[in-house]
Amino acid sequence: MPTPTPKTPIATINPATGETVKTFTAATDAEVDAAIATAAARFADYRHTSFAQRATWMHATADLLEAEADEVAALMTLEMGKTLASAKAEALKCVKGFRYYADHAETLLADQPADAATVGASRAFARYQPIGVVLAVMPWNFPLWQAVRFASAALMAGNVGLLKHASNVPQTALYLSDVLARGGFPDGCFQTLLIGSGAVERVLRDPRVAAATLTGSEPAGRSVAAICGDEIKHTVLELGGSDPFIVMPSADVAAAAAVAVTARVQNNGQSCIAAKRFIVHTDVYDEFVAAFTAKMAALTVGDPTDPGVDIGPLATESGRAEVEQLVDAAVAAGAVIRCGGGRLDGPGWFYPPTVLTDITRDMAIYTEEVFGPVAAVYRAADIDEAIEIANATPFGLGSNAWTRDEGEISRFVDGIEAGQVYINGMTTSHPELPFGGIKRSGYGRELAGAGIREFCNLKTVWVA
Ligand code: NAP
């Protein structure tokens, strides 16, 4: 079977200018086979390395990345348009992620003791063991962090990794495998495959590949999960989100409006856990909308390398077209634009911070994820309606609620259908906390103990 030609070119295309900076040739089937063979051979001995040895390599990798944070930040900005400040913060978060698993993997994967006598054994326990070669299919939006949260957990657990990164961030992808190698991880522990999405199935069906994790869109997740289902291989899916951000009358409304802006426009509005739907109690609706809209309208859009700029371009031309389409359709059906709306002229894929109100349930924007700096604001009569609107989405990734009322906090913690709930703050990710979603946002967890255990065999040991 010939190697499929990637649907999207594997290339660095600067989204601030539209200019193609560097193109790459996709790996052939033979090259991919060779990479899988190298990974499988490496796993045979890497699985027996000690936690201490893996931690030494991981700390060395973290130190290198810390020293090179400015360089890799510039690369991320060039490839997908995030501001330099957020790219640097991402690189440093990856340093933290590496160090977290380097320091905690052994404890997180310690044997689970059981009461031997009750099961008629002299000894009984459960042991976490690595499962082998794991493929990670990753998105461009946090091009280093998404891949590092996989790599750090997989490698510390004793697995080996293959990375199929998004086609528009090849240089960041290659940087990651390179820095891990320079940190000391032996050849074959972590390899970047420059392949298009059409070549993923072949890798998933290879018997030497044990499992897969995908972060990305629903269609991509569905495809990978279907193939892995057919192959009976474990998957973790981190898909889209349309996170609610609820504001109740007891909240500090000014603080909520300020955090709401960051929660919506972080990463130029392209974060799975960005707050996308703002559900505001009617008593504070006007106050919130006024403060929020003023702050959104005051943001600076432009060259992401300029330190004075808040929002850079969207990462791809097609991504901007999708945002535009959702907003235009909503406005045509009666939604009201409070600020922004409409692409910015000139080269590059810029879209302004936009606030929409008067959205009705028949509009696509009500249920679909908007991957750009567009906020949809809803009015809720009371907490019941706020929770009802929050849950009226196929997604269930993050969520945010602002209130100083303990009773309301309990209602939100219990009642919102999501993988995480942040009270009086904005959803973010921390190496120490499990991260993932429910419903169409996917399944499985990354980060913390849950994340490193996903790709382990929990082997029960019973000794007479
Ligand atoms: P995407 O188009 O699904 O791409 C993600 C990755 O999947 C890329 O490597 C892509 O490769 C690959 N891919 C696409 N279609 C595939 C298929 N049919 N089979 C196998 N691989 C396939 O998503 P995106 O537009 O880059 O990323 C945005 C989406 O990711 C949003 O929905 C966002 O919410 C979600 N996301 C979720 C999380 C989370 O943790 N839950 C985090 C970040 C982003 P190519 O680039 O070669 O097409």
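The structure presented is a predicted model; accordingly, all values stated were derived computationally and were not measured.

Caption draft 1: Inspection of the pattern of salt bridges at higher detail. This model, assessed by the stated rule, comprises 23 salt bridges. For R99, the salt bridge is made with E66, and the minimal N-O distance between the two is 2.8 Å. Placement of the pair is R99 in helix 4 (residues 84-108) and E66 in helix 2 (residues 51-67), with a sequence separation of 33 residues. What makes R99 partly exposed here is its relative accessible area of 24%.

Caption draft 2: Molecular detail of the sheet that holds strand 4 (residues 123-130). Spatially, the three strands line up as an open sheet ordered 3-4-20, and their pairing is antiparallel. Since the sheet does not close on itself, it has two edges, and those belong to strand 3 (112-113) and strand 20 (456-463), each with one partner. Of the pairings in the sheet, the one linking strand 4 to strand 20 comprises eight bridges and is antiparallel in character. Its bridge partner being in strand 20, P130 is matched across the sheet by C456.

Caption draft 3: Focus on the nonpolar core. L65, L135, L144, L162, L176, V203 and I452 are the most contacted members of the largest nonpolar core, which totals 84 residues. Sequence-distant contacts of L65, defined by excluding residues within four places in its chain, comprise V72, A91, C94, V95, F98, L144, Y175 and V179. Core analysis: the second largest hydrophobic core is formed by 30 residues, L314, A330, M363 and A390 among them.

Caption draft 4: Here's a closer look at the sheet that holds strand 13 (residues 354-357). With mixed pairing, seven strands are arranged side by side in an open sheet as 12-13-14-11-10-16-17. The sheet is open, and its two edges are formed by strand 12 (336-339) and strand 17 (422-423), each paired on a single side. Here strand 10 (residues 243-247) pairs with strand 11 (residues 275-281) via five bridges, running parallel. Residue pairing for strand 11: V247 is matched across the bridge by V280. Here helix 9 (residues 253-265) sits on the sheet in contact with strand 10, strand 11, strand 14 (374-380) and strand 16 (400-402), set at roughly 165° to strand 10.

Caption draft 5: The confidence of the model for the protein chain, seen in detail. Averaged over every residue, the pLDDT of the protein chain is 97; residues scoring 70 or more account for 98%. Mean pLDDT across the secondary structure elements of the protein chain bottoms out at helix 12 (residues 364-367), with 94, and peaks at helix 2, with 99.

Caption draft 6: Structural detail: helix 5 (residues 145-157). Between the first and last C-alpha of helix 5 there are 18 Å, a value that for 13 residues agrees with the 18 Å anticipated at 1.5 Å per step. Helix 5 sits mainly inside the fold: 13 of its 13 residues count as buried. After helix 5 finishes, the residue G158 shows a positive phi value of roughly 100°.

Caption draft 7: Region of interest: helix 1 (residues 29-46). The end-to-end C-alpha distance of helix 1 is 25 Å, a good match for the 26 Å that 18 residues give at a rise of 1.5 Å each. Along helix 1, the residues that are buried comprise D29, V32, A35, I36, A39, F43 and Y46. For helix 1, the angular spread of buried residues about the axis comes to 120°, placing them on one side.

Conventions adopted
- Residues numbered from 1 in each chain as written.
- Predicted model: local features only at pLDDT ≥ 70, side-chain atom pairs only at ≥ 80, totals over all residues.
- Heavy atoms only, no water.
- Salt bridge = Lys/Arg side-chain N within 4 Å of Asp/Glu carboxyl O.
- Helix = DSSP H or I, 4+ residues; strand = E, 2+ residues; numbered from the N terminus.
- Buried < 20%, exposed > 50% of the residue type's maximum accessible area, 1.4 Å probe, protein only.
- Pairing = 2+ DSSP bridges.
- Core = buried A, V, L, I, M, F, W, Y, C linked by side-chain atoms within 4.5 Å.
- Contact = heavy atoms within 4.5 Å.
- Axes fitted to C-alpha atoms, helices over the stretch in contact; angles between N-to-C directions.
- pLDDT = per-residue confidence, 0-100.
- Expected span 1.5 Å × (residues − 1).
- Arc of directions from axis to C-beta.

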